[in-house]
Amino acid sequence: MVKPRPRKTSRGLIPQETFELAAKRVIDENASVRATAKEYGMCHVTLCRFVNKMRKKENPQVGYRPHKKVFTGEQEQQLGRYCEESAKLYFGLSTRDLRKLAYQFAIKNKCKFPDGWKESDMASEDWLTAFLKRNPTLSIRTPESTSLARAMNFNPENVGKFFDNLSDVMERHNFEPHNIFNVDETGCTTVQKPNKVISLKGVKQVGAITSQERGTLVTMCFAINALGNSIPPMFVFPLVRYHDHFVRDGPDSCIGSANRSGWMQEEDFLIFIKHFAKFSKPSETNRVLLILDNHASHLYLPVIDFCRDNYITLLSFPPHTSHKLQPLDRGVYGPFKKFYNNSCDQWMKNNPGKRMTMYNIPSIAREAIQLAAVPKNITSGFRCCGIWPFNRNIFSDDEFAPSSVTDRPLNTASAVGEKEAILCPASTSTSSIEMPLNDANLNIINIPCEPSTPPKTSPIPPAAFYSPEEIRPLLKADFSKPVKTNKRAKGKTAILTDTPEKNLIEEKFNKKKVVAVTKKLHGSQTKKKNKQTIKRKVSENLSSSEDDSICIVCLGPYKESKEDWLQCRNCKEWAHCSCAGNNALFVCKNCDSDAD
């Protein structure tokens with residue numbers, strides 16, 4: 001690419017409007033060209049030419065204009081707006097996508113472009129570089145991975161329901177900021193993400209020491225309030241039994257628990273809620289609001305009963321919206337992960353040759369919490385979510401744009417058949433109503449009413465050129481095929497401690513209990529049947545040529561036996577089931593002693 005030539009003068013930078021004002025002054029007021037040019041800071045020769053062309057009623061132009069530019073200014077603005085709209089929908093264009101679109105855009109609008117574009121069927125890299133320079137509002141960014149569920153569920157309807165519930169409980173109990181809490185879990189691992197280091201240029205690979213290839217994960221549960229304070233955390237270890245010395249170096253007054261997975265379970269969350277009540281001190285005159293997500297461990301019936309008895313109001317977020325609505329995710333956990341990785345790096349440097357274990361996590365997390373969970377981060381997290389101060393209009397339309405890709409129109413009568421339809425009054429619009437994909441209400445259709453007289457339509461003038469949307473339309477979900485739905489009921493935002501919601505959770509809890517008991521009974525019967533089947537199969541495997549076999553334990557012949565036999569897994573010799581201890585995985589004593 002040719003090196004850009006630096007500008008040495010200011011010639012050609014005076015706008016067209018300034019020349020027009022100066023020329024009108026010369027023509028209308030009969031002013032001197034030199035004096036006017038000096039007053040406006042422009043070349044008197046250029047102004048003289050401009051005045052002469054205006055007197056001849058020509059259209060004079062000033063400034064430098066590229067003579068080999070592919071697109072006009074308006075066309076490039078269209079391309080820039082298309083890039084912005086695609087990025088808002090979370091389907092942004094890569095550099096190759098933009099170059100291909102520019103090539104198709106040039107062919108469709110019959111623009112002149114270099115011959116090199118035809119060889120690769122895309123615009124050149126030089127054009128892309130110049131395009132980004134001419135559009136300084138655009139830049140090449142690394143996007144953050146966002147799941148389809150999050151993009152689809154963060155829509156105005158779900159967010160509006162959450163703020164309706166939040167407004168309801170705020171008006172009901174008049175919560176103050178020190179009584180509004182948010183709780184969530186995050187994972188702390190023994191394998192950190194190393195920080196950037198200074199190294200020699202040109203080295204193919206630069207390494208950094210981590211404790212292991214695959215570390216151990218410990219779950220940390222943390223709660224904050226809108227005033228900027230926090231509750232001591234709880235650590236869940238992937239162990240069968242928990243001991244208090246696991247968290248002896250952790251944050252002050254922190255607690256812990258253990259289960260096989262290391263993830264938050266129902267019983268562990270009940271322990272944390274009791275720990276939370278100890279520090280938040282809820283009472284009849286000092287009620288507490290706890291906002292949390294719809295994780296299964298949070299919808300545990302004993303947890304809800306405990307909260308109802310101890311004046312704690314539980315409010316849940318809509319599913320898959322915590323990346324926008326949860327203060328911990330917006331203000332605390334981002335800095336916490338950064339400081340946690342830094343602390344892990346320092347630990348590895350201070351302990352060379354040692355492996356970090358799960359018992360070192362509480363002490364490392366203690367340093368990170370002191371730096372991340374500061375009042376400034378906590379209060380800003382509540383503020384940017386619109387929880388405190390309460391602001392239901394905190395999110396702009398651009399933030400809801402990704403959900404518009406999966407909006408489902410409800411104006412097709414054929415898709416509903418003979419189901420109910422709501423007739424619109426004569427004053428309603430004939431445009432289709434769009435609803436989110438996760439809305440299950442398919443019984444309402446918008447049927448346009450026929451006006452008494454046909455409206456007068458004005459002819460639409462043809463477009464000056466094809467727009468990028470016509471060449472490559474913005475993405476939209478295809479609803480021609482039925483959408484597969486999961487059998488599991490989707491969560492929703494709700495006040496969990498209210499009686500209707502509590503009754504629903506209790507009903508699910510009782511059904512779960514019945515299913516667990518039934519599985520346990522059927523499981524024991526199935527095991528007995530499997531053992532009998534194994535014995536029967538083993539006895540059938542004895543061929544007629546083995547009728548003279550004898551039991552290797554009691555030396556009894558097979559002909560005189562009336563019970564099933566089992567075969568040793570190693571030497572393939574036979575024995576009575578009673579002699580083998582009714583063990584389907586039988587190994588005789590001879591083979592067992594050889595193994596020792």
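Scroll up to find the structure this text is about.
Just so it is clear, the structure is predicted and the values come from calculations on it, not from any experiment. (Residues numbered from 1 in each chain as written. Predicted model: local features only at pLDDT ≥ 70, side-chain atom pairs only at ≥ 80, totals over all residues. Heavy atoms only, no water.)

A. The arrangement of the overall build of the protein in detail. Looking only at helices and strands, the protein has 18 helices and 12 strands in total. Buried positions account for 36% of the 596 residues belonging to the protein. Contacts in the protein between residues at least 24 apart in sequence constitute 68% of all its contacts with a sequence separation of at least 6. A total of about 38,400 Å² of accessible surface is found on the protein, and carbon and sulfur atoms cover 51% of it. (Helix = DSSP H or I, 4+ residues; strand = E, 2+ residues; numbered from the N terminus. Buried < 20%, exposed > 50% of the residue type's maximum accessible area, 1.4 Å probe, protein only. Contact = heavy atoms within 4.5 Å. Areas by Shrake-Rupley, 256 points an atom, 1.4 Å probe, with all protein chains shown as cover.)

B. Layout of a nonpolar patch on the surface. There is a patch of nonpolar side chains on the surface, built from Val197, Leu200, Val203 and Val206 and spanning about 370 Å² of accessible area. Positionally, Val206 belongs in the loop between β1 (180–189) and β2 (217–225). Overall, the relative accessible area of 46% leaves Val206 in the partly exposed class. (Patch = residues over 30% accessible without salt bridge, like charges linked within 9 Å, V, L, I, M, F, W, Y side chains within 5 Å. Salt bridge = Lys/Arg side-chain N within 4 Å of Asp/Glu carboxyl O.)

C. Representation of the pattern of salt bridges in the model. Within the structure shown, the criterion is met by 17 salt bridges. As a salt-bridge pair, Glu157 and Lys161 come within 3.7 Å of each other at their nearest N and O atoms. In this pair, Glu157 and Lys161 are both assigned in helix α9 (residues 156–173), 4 residues apart and thus about one turn of the helix distant. Exposure remark for Glu157: the relative accessible area of 25% places this residue in the partly exposed category. Using a relative accessible area of 42% as the deciding quantity, one classes Lys161 as partly exposed. Taking the shortest distance from any N to any O, the salt bridge between Glu506 and Lys502 comes out at 3.4 Å. Taken as a pair, Glu506 and Lys502 lie in helix α17 (residues 499–540) at a separation of 4 residues, close to a single helical turn. A residue is classified by how much of its surface remains accessible, and Glu506, at 28% relative accessible area, is partly exposed. Among the ionic contacts, a cluster of salt bridges with common partners joins Arg25, Glu29 and Glu39.

D. Molecular detail of the side chain of Asn259. Within the fold, Asn259 resides in strand β4 (residues 255–259). A distance of 2.8 Å separates a polar side-chain atom of Asn259 from the backbone oxygen of Trp263. Within the structure, Asn259 has its side chain in polar contact with the side chain of Asp268 (distance 2.5 Å). Leave out the neighbours within four places in its chain, and Asn259 touches Val236, Phe237, Pro238, Leu239, Gln265 and Asp268. (Polar contact = N/O pair within 3.5 Å; in protein donor to acceptor, adjacent residues only side chain to side chain.)

E. The packing of aromatic side chains, seen in detail. All told, the structure shown has 22 aromatic pairs when counted by the stated rule. Centre to centre, the rings of Tyr242 and Phe246 are 5.5 Å apart; their planes meet at 80 degrees, and the pair counts as edge-to-face. (Phe/Tyr/Trp six-rings, centres within 6.5 Å; stacked < 30°, edge-to-face > 60°.)

F. Region of the structure containing helix α2 (residues 33–40). Capping the start of α2, Ser32 holds a side-chain oxygen 3.5 Å from the backbone nitrogen of Arg34, two or three residues further along. Directly beyond the C-terminal end of α2, a positive phi value near 70 degrees is found at Gly41.

G. Summary view of helix α11 (residues 301–309). Within α11 the residues assigned to the buried category are Leu301, Val303, Ile304, Phe306 and Cys307. One or two positions beyond α11, positive phi appears at Tyr311, with a value near 60 degrees.

H. Main features of the side chain of Asn179. With respect to the helices and strands, Asn179 occurs in the loop between α9 and β1. Exposure remark for Asn179: the relative accessible area of 7% places this residue in the buried category. A polar side-chain atom of Asn179 sits 3.4 Å from a polar atom in the side chain of His178. A polar atom in the side chain of Asn179 sits 2.8 Å from the side chain of Asn286. Other than its neighbours up to four places away in sequence, Asn179 contacts Asn286, Arg287, Val288 and Leu289.

I. A look at the environment of Arg7. Mapped onto the fold, Arg7 is located in the segment before α1 (16–29). We classify Arg7 as partly exposed; its relative accessible area is 48%. With near-sequence residues (within four places) excluded, Arg7 lies in contact with Leu13 and Tyr64.

J. Local environment of the pairing of strand β5 (residues 288–292). A large share of β5 lies buried, amounting to 5 of its 5 residues. A two-sided burial pattern is seen for β5, the buried positions comprising Val288, Leu290 and Leu292 on one face and Leu289 and Ile291 on the other. Pairing of β1 with β5 involves 3 bridges; the strand directions are parallel. Within β5, the residue paired with Asn182 across the bridge is Ile291. In this sheet, strand β6 (residues 312–316) lies alongside β5 in parallel orientation, the contact comprising 5 bridges. In the sheet register, Leu289 faces β6, and the bridge partner there is Thr313. Taking the sense of rotation as the criterion, the β-α-β connection linking β5, α11 and β6 turns out right-handed. (Pairing = 2+ DSSP bridges. Right-handed = clockwise from strand over helix to strand, strands pointing away.)

K. Structural detail: the packing of helix α13 (residues 327–350) against helix α15 (residues 375–385). Interhelical geometry of α13 versus α15 gives an angle of 145 degrees and a closest axis separation of 6 Å. As α13 packs across α15, the resulting crossing turns out to be right-handed. In this structure, α13 uses Pro327, Arg330, Gly331, Val332 and Pro335 to contact α15, whose residues at the interface are Asn377, Ile378, Gly381, Phe382, Cys384 and Cys385. For the contact of α13 with α15, the per-class residue count stands at 7 nonpolar, 3 polar and 1 charged. (Axes fitted to C-alpha atoms, helices over the stretch in contact; angles between N-to-C directions. Left-handed = near helix turned anticlockwise from the far one by under 90°. Nonpolar A, V, L, I, M, F, W, Y, C, P; charged D, E, K, R; others polar.)

L. Just the sheet that holds β6, in detail. With mixed pairing, the 6 strands of this open sheet are ordered in space as β4-β3-β2-β1-β5-β6. Bordering the open sheet on either side are β4 and β6, each of which pairs with just one other strand. Ignoring which end each strand starts from, the neighbouring axes of this sheet average 25 degrees apart. Helix-sheet contacts for α13 involve β1 and β2, and the interaxial angle to β1 is about 30 degrees.

M. Region of the structure containing the environment of Ser343. Within the element layout of this structure, Ser343 appears in helix α13. For Ser343, a relative accessible area of 10% translates into the label buried. For the pair Ser343 and Ala365, spaced 22 residues apart in sequence, the C-alpha separation works out to 8.0 Å. Each residue touching Ser343, except ones within four places of it in the same chain, is listed here: Ile364, Glu367 and Ala368. Engagement of the side chain of Ser343 in a polar contact is seen with the side chain of Glu367, the distance being 3.5 Å.

N. Structural view of the pairing of β4. Most of β4 sits inside the fold, with 4 of its 5 residues counted as buried. Looking at chain direction, strand β3 (residues 230–238) and β4 are connected through 5 bridges and run parallel. Note that in β4 the partner of Phe237 across the bridge is Ala258.

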